[in-house]
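Overview (structure and organization)
If you want the building blocks of each chain, they are given just below.
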Amino acid sequence: MPFREINSKMVEATVVPGQKMFSQRGAMLAYRGEVSFTPNIQGGQGGVMSMIGRRMANEATPLMTVEGSGTVMFGHGGHHIQVINLTGDTLYVEADRLLAFDGALQQGTMFMGSQGGVMGMVRGQVSGQGLFTTTLKGHGAVAVMAHGGVIELPITPGREVHVDPQAYVAHHGDVRNKLSTALGWREMVGRGSGEGFQLELSGNGAVYVQASEEKL
């Protein structure tokens, strides 16, 4: 079910009988109609393994299952909201950045170290984010949160994209990623030590980058 963007910090979704949505706890701002919100301790569609992954990443807050008939407005903490529509591919996104998503999407958990060797391990230390990331696959809509706005950068064969790990929000498509060092890069722009890393994304897809490096 698609989201309607009310403004940069609020979206609205239509809930219909027989279909579910999942949202982060506390994301509901208002609703109309007969809509119920139930904690989902299994971590949505991902089941036990998704829940385990979220707990290991210190992301144990259960999702809310949204059902019924009506419309719901979502937002959280005044964060910018970006709507991503999937057409069969897989979205990789930190669980704490998920605002709400279509229940028809297949949810899973991926160990970031499986792409680019120890990239996930180093990235977890650099950005403060976990080793695990949530995957959403199929046809449906996802609303993710970020700081200061989001830009979508296309990734095409032969034209890789380099992203600051702390500015990374999500990516989708047939994309490989690895961590590369950028010694001196941070110092040149007046940043502190310990941040001289870049995520290099290559393949065919898109990456979403936030304007602020502030963590959620």
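Everything that follows concerns the structure shown earlier in this document.
Residues numbered from 1 in each chain as written. Predicted model: local features only at pLDDT ≥ 70, side-chain atom pairs only at ≥ 80, totals over all residues. Heavy atoms only, no water.

Most of strand 5 (residues 63–74) is tucked away, with nine of its 12 residues classed as buried. The pairing of strand 2 (residues 10–15) with strand 5 spans five bridges and is antiparallel. Residue pairing for strand 5: Glu12 is matched across the bridge by Met73. The pairing of strand 3 (residues 21–24) with strand 5 spans four bridges and is classified as antiparallel. Note that in strand 5 the partner of Phe22 across the bridge is Thr65. (Buried < 20%, exposed > 50% of the residue type's maximum accessible area, 1.4 Å probe, protein only. Helix = DSSP H or I, 4+ residues; strand = E, 2+ residues; numbered from the N terminus. Pairing = 2+ DSSP bridges.)

Examined against the element boundaries, Asn204 turns out to sit in strand 13 (residues 197–210). Residues Asn204 and His172 lie 32 residues apart in sequence; the distance between their C-alpha atoms is 8.7 Å. Leave out the neighbours within four places in its chain, and Asn204 touches Ile155, Pro157, His172, Gly173, Asp174 and Val175. (Contact = heavy atoms within 4.5 Å.)

Bringing the pattern of salt bridges into the picture now. Considering all chains together, one arrives at two salt bridges under this definition. Linking Arg4 and Glu12 is a salt bridge whose minimum nitrogen-to-oxygen distance equals 3.0 Å. When the shortest N-O distance is used, the salt bridge between Glu12 and Arg32 registers 2.8 Å. Here Arg32 lies in strand 4 (residues 28–40) and Glu12 lies in strand 2, a separation of 20 residues in the sequence. Residues joined by salt bridges that share partners form a network here, namely Arg4, Glu12 and Arg32. (Salt bridge = Lys/Arg side-chain N within 4 Å of Asp/Glu carboxyl O.)

The next subject is the environment of Leu63. Within the secondary structure layout, Leu63 lies in strand 5. Taking the relative accessible area as the measure of exposure, Leu63 reaches 3% and is therefore buried. Sequence-wise, Leu63 and Ala27 are 36 residues apart; in three dimensions their C-alpha atoms are separated by 9.9 Å.

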